[in-house]
Amino acid sequence: MYVMKIINYLPLISLLYCSQLLSAYTANAQSINLKGEFQGKILDETGQAFPYASISLLNAKDSSLVKGTVSTDNGTYVLNSITPGNYLLAFFVVGYKKIIKGPYGITADKQLHQLESIQLTQDSKLLKGVEIIQQKPLIERQIDKTVINVENSALATGNTALEILQKSPGVSVDKDGKISLRGKQGVNVMLDGKPTYLSEDQLANLLRSTEGSAIQTIELITNPSAKYDASGNSGIINIKFKKNKNYGTNGSVFAGAGMGRYYKVNGGLSLNHREKKFNIFGNFNYGHNERFGGTDIMRLNNTSDKPTYFNQTSDTKRARNNSNYKAGIDYFINDKNTLGFSMNGYNSNGKNDAHVLTLIGDQPLKTDSSVVARNPNDYKYTGISYNLNYKSTIDTLGQEFSMDADYSNYNGNERSNFNNKYLDANGQMRKPDYIFRNATPTKTHIWAAKADYTYPIDKSTKLETGIKSSLVKTDNNFLFENFEQEAWQNDVKRSNQFLYQENINAAYINLSRKFKGTTLQLGLRAEQTNSNGNSITEQKVVNRHYFDLFPSLFINQELSKNNELGFSYSRRIDRPDYESLNPFVSYLDLYSYRFGNPFLKPQYTNSFELAYSYKKTLNMSIGYSHTRDVMTDVLLTDTINKTIFISNQNLATQDAYNLNISYPIQITKWWNSNHTITTYYTKFKTPNLLGNPFESGKLTFKFNTTQTVNLDQNTSLECSANYESRQAIGTLIIDPQANVDLGIKKTILNKKMDIKFAANDIFNLQKNTITSALPSQRYVIKEKWESQVFRITCTYKFGSNNIKGSQKRSKSSESEENRVKSGG
């Protein structure tokens with residue numbers, strides 16, 4: 001009965017419920033249709049209109065950003081389509097005091113707010129009549145990376161990118177340009193967030209051709225997240241180039257000169273024009289560098305019948321011309337969408353002239369015969385790359401989408417001549433001269449495309465995901481010719497063509513969440529690799545197809561106001577580059593050569609790091625990594641041919657331990673000091689090398705200190721000292737290294753001109769002494785290069801140097817990658 005009564009009342013109940021829904025919907029629709037607006041004008045300190053100032057609309061409850069805009073050319077601004085609520089307005093321009101107004105309410109009775117004009121005032125700290133301009137410290141420690149602010153450093157004066165890396169804490173660079181981070185090789189060097197896909201030699205050439213004046217910062221990332229490429233077992237070094245944010249037309253010009261044993265000159269021009277819708281930019285840099293290098297090799301070739309002692313001395317004069325250029329345009333479609341295009345190019349050419357004397361005998365210090373050689377060499381490398389990028393800021397909560405497409409083309413050719421005279425103990429001709437030459441033309445094509453998406457799930461949770469694909473094609477020729485019967489004859493047994501192709505397809509996902517005092521980030525990257533190495537002459541083909549997962553984990557815990565603890569883990573890979581895979585023999589001189597290994601396998605690394613920070617100044621970290629199939633240079637002697645050679649091989653494992661401590665100290669208001677101590681132990685182990693088990697390891701200590709003294713408001717002095725104790729890398733033992741650099745910067749002409757003086761390695765300490773960790777290999781290699789150089793550089797800035805508005809130049813590159821600066 002009760003059920004029947006309820007059924008009878010159902011139509012009435014439904015009608016009442018629908019009327020309530022309709023009433024609620026109507027009220028909600030009226031609320032949605034209610035839109036408010038803010039209008040006003042920005043003035044400078046003289047009462048004139050201030051264009052391109054930044055205006056932010058904030059929620060009055062929690063100061064979260066709702067939306068923003070910039071003032072027009074006549075200083076006016078409009079913020080419209082504002083839903084009902086209470087708001088604050090923030091007005092901000094770099095160099096001026098920040099102003100906050102409000103709260104203002106948007107209601108049915110008050111929808112339009114015509115605000116009074118806002119007059120900005122300059123923000124400068126005065127101390128006893130001296131204007132103190134805040135400047136970033138040379139070295140900054142952040143949660144996930146270390147940042148070196150190169151832009152304002154006097155020590156960067158006249159140096160190339162490779163030379164600046166040598167001065168960075170925890171970074172080591174050998175004379176061939178190979179880079180290590182905290183004692184581990186296998187660094188992934190990125191330029192403006194983009195991988196270069198270049199071999200070690202090509203990358204070294206590019207960095208030598210890049211003027212330090214173009215660099216803004218260098219980021220050292222020891223444990224990268226999943227959104228970065230998985231390559232680089234010791235981490236990532238990201239070199240970021242300067243970007244001009246000033247409105248109007250502006251630029252800078254610089255010129256410099258240096259002197260060591262030989263002279264060096266460099267110069268460049270940078271231009272930028274920015275309007276509300278467009279930003280057009282370009283620069284050109286040139287450098288000429290002449291320098292000296294010397295190598296002594298003493299070794300014993302020990303056979304069962306009799307020993308042979310070699311004492312080789314090589315002196316080389318090197319001359320290099322390099323230039324690099326960049327041009328591009330950003331189009332700001334609207335406040336949320338940006339389209340950009342850029343091109344980068346570089347050219348490097350030079351000549352080397354080596355004089356080599358090799359003394360040979362059956363006893364130490366005894367000469368039975370000798371070889372006198374003159375080995376001239378010339379080279380040319382060129383490269384150009386193009387980038388098209390798009391970025392969309394979907395909403396004010398942080399939802400973003402970006403895309404990048406890149407193409408790069410590099411060409412290079414190096415030609416070397418070897419003229420060898422055989423003499424007896426009395427200096428008389430022992431047998432006919434042996435003359436040969438080789439050429440190594442290379443071509444490299446790179447295609448890459450990626451897309452990234454960021455979605456904030458809520459105020460404390462963020463999801464990042466993306467995909468990427470890259471294709472690299474290289475063509476390497478090695479041409480070997482003998483000079484016989486008054487003509488050059490091709491040696492087909494020593495010539496070779498090597499083709500290499502590599503395709504990597506990747507996808508990643510990152511999930512981060514902030515709890516009370518805790519930040520957690522989980523990541524997973526998947527990469528599928530397809531490679532093909534084809535030695536056409538030797539008919540050796542190596543195909544590889546493999547799929548890998550690379551997880552990452554980051555945890556950061558605020559223990560208290562001044563104490564933070566962090567833990568990170570990541571899995572990474574290093575793939576052999578095509579030069580290491582190429583089996584051809586490349587001669588350094590008659591008795592020294594290197595060759596590639598077509599069967600070289602990729603190496604995999606699991607890295608763990610525990611970090612502690614006190615007041616974000618004292619930073620300590622303890623790290624451990626385990627690498628299997630570790631790739632390393634192996635330097636051995638060929639007792640049959642009495643030669644010494646280098647080849648890249650897979651050792652079984654590498655275990656690396658490191659302790660890193662950095663602490664900046666502000667001694668006085670005008671004197672800042674930054675110290676970094678790195679201790680690491682790297683252990684190599686393999687069950688079979690030259691028929692025997694092999695194990696090597698060495699505890700190494702590295703210390704870096706940088707002192708910055710502000711002599712007055714326009715003059716600063718910098719001094720940097722580095723020391724690295726004896727270390728073991730694979731089969732090599734490298735003796736201690738040290739250097740001290742000094743720099744001074746003076747600003748004149750109302751801060752438009754900077755004059756910088758730098759002295760590199762003022763005590764002329766830099767050198768290498770290398771011995772073998774293998775008891776059966778007896779050699780000592782001593783290398784000395786022109787490290788003591790004195791430089792002076794003058795930079796003049798012109799045009800609009802005040803940043804009118806703080807709107808950040810939105811480019812797709814800023815979320816993960818930026819404009820490429822590549823070379824061969």
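Just so you know, these numbers come straight off a predicted model, no measurement behind them.

Conventions used here
Residues numbered from 1 in each chain as written. Predicted model: local features only at pLDDT ≥ 70, side-chain atom pairs only at ≥ 80, totals over all residues. Heavy atoms only, no water. Phe/Tyr/Trp six-rings, centres within 6.5 Å; stacked < 30°, edge-to-face > 60°. Buried < 20%, exposed > 50% of the residue type's maximum accessible area, 1.4 Å probe, protein only. Lys NZ or Arg CZ within 6 Å of the ring centre and 35° of its normal. pLDDT = per-residue confidence, 0-100. Contact = heavy atoms within 4.5 Å. Helix = DSSP H or I, 4+ residues; strand = E, 2+ residues; numbered from the N terminus. Salt bridge = Lys/Arg side-chain N within 4 Å of Asp/Glu carboxyl O. Core = buried A, V, L, I, M, F, W, Y, C linked by side-chain atoms within 4.5 Å. Pairing = 2+ DSSP bridges. Axes fitted to C-alpha atoms, helices over the stretch in contact; angles between N-to-C directions. Polar contact = N/O pair within 3.5 Å; in protein donor to acceptor, adjacent residues only side chain to side chain.

Peer 1: Hey, could you go over the packing of aromatic side chains for me, with residue numbers and the actual values?
Peer 2: Summed over the entire model, instances satisfying the criterion amount to 20 aromatic pairs. Between Tyr-379 and Tyr-381, the aromatic rings sit 6.0 Å apart at their centres with planes inclined by 40°, giving tilted as the arrangement. Just as Tyr-379 is buried, Tyr-381 falls in that class too. Three or more aromatic residues link up through ring pairs in this structure, and these residues are Tyr-569, Phe-608, Tyr-624, Tyr-657 and Tyr-681. Here Arg-261 stacks its cationic end above the ring of Phe-292, 3.8 Å away from the centre of that ring. Over the ring of Trp-488 we find Arg-437, and its NZ or CZ is 4.1 Å from the ring centre.

Peer 1: Break down the confidence of the model for the chain for me, with residues and values.
Peer 2: Residue-level pLDDT values for the chain average 84, and 88% of them are 70 or greater. Across residues 802-824, confidence stays below pLDDT 50; counting only partners more than four residues off in sequence or on other chains, it has 109 contacts.

Peer 1: So what's going on with the environment of Phe-550? Residues and values would help.
Peer 2: When you line up the elements, Phe-550 lands in strand β32 (residues 540-558). If we skip the residues at most four places from it in the chain, Phe-550 touches Ala-230, Gly-523, Leu-524, Arg-525, Glu-527, Arg-571, Arg-572, Ile-573 and Tyr-604.

Peer 1: Which residues make up the pattern of salt bridges, and what values do they have?
Peer 2: Side chains that carry opposite charge are capable of pairing whenever their charged atoms lie near each other. Counted by the stated rule, this structure contains 25 salt bridges. Of the charged contacts, one joins Asp-404 and Lys-450 as a salt bridge, the two residues approaching to 3.8 Å between their closest N and O atoms. Of this pair, Asp-404 sits in strand β25 (residues 400-424) while Lys-450 sits in strand β27 (residues 442-458); the two residues are 46 residues apart in sequence, bridging distant segments of the chain. Like Asp-404, the residue Lys-450 is buried in the burial classification. Arg-494 is the salt-bridge partner of Asp-491, the closest N and O atoms lying 3.7 Å from each other.

Peer 1: For the nonpolar core, give the residues involved together with the corresponding values.
Peer 2: Within the largest apolar cluster, 30 residues are counted, with the highest numbers of intra-cluster contacts made by Leu-165, Ile-179, Leu-207, Ile-218, Ile-237 and Ile-239. Listed by contribution, the elements that provide at least two residues to this core are α2 (161-166), β13 (171-173), β14 (179-181), β15 (188-191), α3 (200-208), β17 (215-221), β18 (236-241) and β24 (369-393). No other element matches the 4 residues that α2 contributes to this core. Among all residues touching Ile-179, those that are not within four sequence positions of it are Leu-162, Leu-165, Val-171, Ser-172, Val-173, Lys-184, Gln-185, Gly-186, Val-187, Val-189, Leu-207 and Ile-237. Core analysis: the second largest hydrophobic core is formed by 20 residues, Phe-38, Phe-50, Ile-82 and Ile-106 among them.

Peer 1: Kindly report on the sheet that holds strand β5 (residues 85-92), identifying the contributing residues and their values.
Peer 2: Within a sheet, neighbouring strands are paired by backbone hydrogen bonds and run either parallel or antiparallel to one another. Spatial strand order, β3-β2-β5-β6: 4 strands in an open sheet with antiparallel pairing. Edge positions in the open sheet fall to β3 (65-70) and β6 (99-106), since each of these has one partner strand only. Sheet twist, expressed as the mean angle between neighbouring strand axes with direction ignored, is 20°.

Peer 1: Any chance you could break down the side chain of Thr-222 for me, citing the residues and the numbers?
Peer 2: Looking at where Thr-222 falls in the secondary structure, it is placed in the loop between β17 and β18. A distance of 3.4 Å separates the side chain of Thr-222 from the side chain of Glu-609, its partner in a polar contact. Leave out the neighbours within four places in its chain, and Thr-222 touches Leu-181, Arg-182, Ser-234, Gly-235 and Glu-609.

Peer 1: A description of unusual backbone geometry should follow, citing residues and the corresponding values.
Peer 2: Most peptide bonds take the trans configuration, and most residues that are not glycine carry a negative phi. Residue Pro-103 follows Gly-102 across a cis peptide bond; omega there is 10°. Here Pro-103 is to be found in strand β6. If you check the backbone angles, Glu-486 has positive phi at about 60° while not being a glycine. Its location among the elements puts Glu-486 in the loop between β28 (461-484) and β29 (487-490). Positive phi, close to 55°, is recorded for Asp-629, a residue that is not glycine. Here Asp-629 is to be found in strand β37 (residues 618-638).

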